[in-house]
Amino acid sequence: MPILVSDTSVLIDLERADLLDEMFLLPFEFAVPDLLYGRELAGELGERLVQLGLRIEELTPIELRRATTVNRQHTRLSVPDTFAFVIAVSRGWGLLLTGDGTLRELAVTEQIDMHGVLWLFDQLADGNHIGFDRLHDGLTNLFAHPRCRLPANEVRRRLARFAEGQVL
């Protein structure tokens, strides 16, 4: 089963959409670095994610050195996001979930497969994991959140698709 390494933004977006549990219906395993978990997810949300199946991964000493190097080269990148990037690359998982622009740019530069929360919505729809009405409601709630930074045209396209019940 493919393993997707996530940053915090995707998980927070799914929580805002009230679709966090549904993410674990997808045919993937989800992982985060231990540092990211400790700094950004520990507590009620983190415990819930672990119960749902989230993997917490510790960097090896070699990965830690690589993360330090990457972080020095890309100073706009947070340390937790650097850890997520290094885990995805060094373990050959090569699948990164992120909404962070800097991390997305690095993934493109390094030719690492990268997806965001809208891709997860597509996966949930295409796999018929949950109803289109739930996807529509979830995306509507997420898009209405004041901190939502998703591209409006892409959100509207999916909302129309979900309203019409289209499977791609």
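Up top you'll find the structure we're talking about.
First things first, this report covers the structure right here in the doc. These figures come from a predicted structure and were not determined experimentally.

### Here's the deal with the packing of helix H8 (residues 117-126) against helix H9 (residues 132-144)
The packing of two helices is summarised by the inter-axis angle and the distance between the axes.
Alright, step 1. At their nearest, the axes of H8 and H9 sit 10 Å apart, and the two run at 170° to each other. Of the possible angle classes, the one that applies to H8 and H9 is roughly antiparallel. H8 and H9 meet at a crossing whose hand is right-handed. From H8, Val117, Leu118, Phe121, Leu124 and Ala125 reach across to H9, where they touch Phe132, Leu135, Gly138, Leu139 and Leu142.

### Some remarks on helix H7 (residues 101-109)
Alright, step 1. Buried residues of H7: Thr102, Leu103, Leu106 and Ala107, and no others. Taken end-on, H7 shows its buried residues confined to a sector of 135°, consistent with a single buried face. What points out from H7, more than 90 degrees from its buried face, is the exposed set Val108 and Thr109.
Alright, step 2. The inward-facing, buried residues of H7 contact helix H5 (61-73), helix H6 (79-90), strand E4 (95-97) and strand E5 (113-115).

### Re unusual backbone geometry
Alright, step 1. In this structure, aspartate 18 is a non-glycine residue whose phi angle is positive, near 60°.
Alright, step 2. Mapped onto the elements, aspartate 18 comes out in the loop between helix H1 (8-16) and helix H2 (20-23).
Alright, step 3. Phi at glutamine 111 takes a positive value of approximately 55°, unusual for a residue other than glycine.
Alright, step 4. Within the secondary structure, glutamine 111 is located in the loop between H7 and E5.

### Considerations on the pattern of salt bridges
Alright, step 1. Tallied over the full model, the rule gives 13 salt bridges.
Alright, step 2. Arginine 55 is the partner of glutamate 57 in a salt bridge, and the nearest nitrogen-oxygen pair spans 2.9 Å.
Alright, step 3. In this structure arginine 55 comes out as partly exposed when scored by relative accessible area, which is 25%.
Alright, step 4. Linking arginine 161 and aspartate 126 is a salt bridge whose minimum nitrogen-to-oxygen distance equals 2.4 Å. With arginine 161 in helix H10 (residues 152-164) and aspartate 126 in helix H8, this pair connects stretches of sequence that are 35 residues apart.

### Digging into the nonpolar core
Alright, step 1. Membership of the largest hydrophobic core comes to 38 residues, with the highest contact counts inside it found for Leu14, Phe30, Leu41, Leu120, Phe121, Leu135 and Leu139.
Alright, step 2. Looking at this core, the element that brings in the most residues is H8, giving seven residues.
Alright, step 3. Setting aside chain neighbours within four positions, we find phenylalanine 121 in contact with Leu14, Ala17, Leu19, Leu135, Gly138, Leu139, Leu142 and Phe162.
Alright, step 4. Within the second largest apolar cluster, 20 residues are counted, among which are Ala67, Ile87, Leu96 and Ile112.

Calculation rules
Each chain has its residues counted from 1, following the order in which its sequence is written. The predicted origin of the model limits local features to residues at a pLDDT of at least 70 and limits the giving and counting of side-chain atom pairs to 80 or more, whereas totals for whole chains, interfaces and linings rest on all residues. Note that water and hydrogens are dropped before the side-chain values are worked out from all heavy atoms of the structure. Angles shown run from 0 to 180 degrees and are taken between the N-to-C directions of axes, each axis being a line fitted to C-alpha atoms and, for helices, limited to the stretch in contact. Counting from the N terminus, the helices are the DSSP runs of H or I reaching at least four residues and the strands are the DSSP runs of E reaching at least two. Any angle that is under 35 degrees is reported as roughly parallel, and any over 145 degrees as roughly antiparallel; angles of 65 to 115 degrees are reported as roughly perpendicular and all others as oblique. Should the near helix be turned counterclockwise from the far one by less than a right angle, the crossing is left-handed, whereas a clockwise turn marks it as right-handed. Only heavy atoms matter for contacts: two residues are in contact if any of them lie within 4.5 Å across the pair. Relative accessibility decides the category of a residue: with a 1.4 Å probe and only protein chains considered, values under 20% of the type maximum give buried, values over 50% give exposed, and everything between is partly exposed. By construction, the arc corresponds to the directions joining the helix axis to the C-beta atoms. Salt bridges are defined by distance alone: a side-chain nitrogen of Lys or Arg within 4 Å of a carboxyl oxygen of Asp or Glu. To define a nonpolar core, start from buried Ala, Val, Leu, Ile, Met, Phe, Trp, Tyr and Cys residues and group those joined through side-chain atoms within 4.5 Å.

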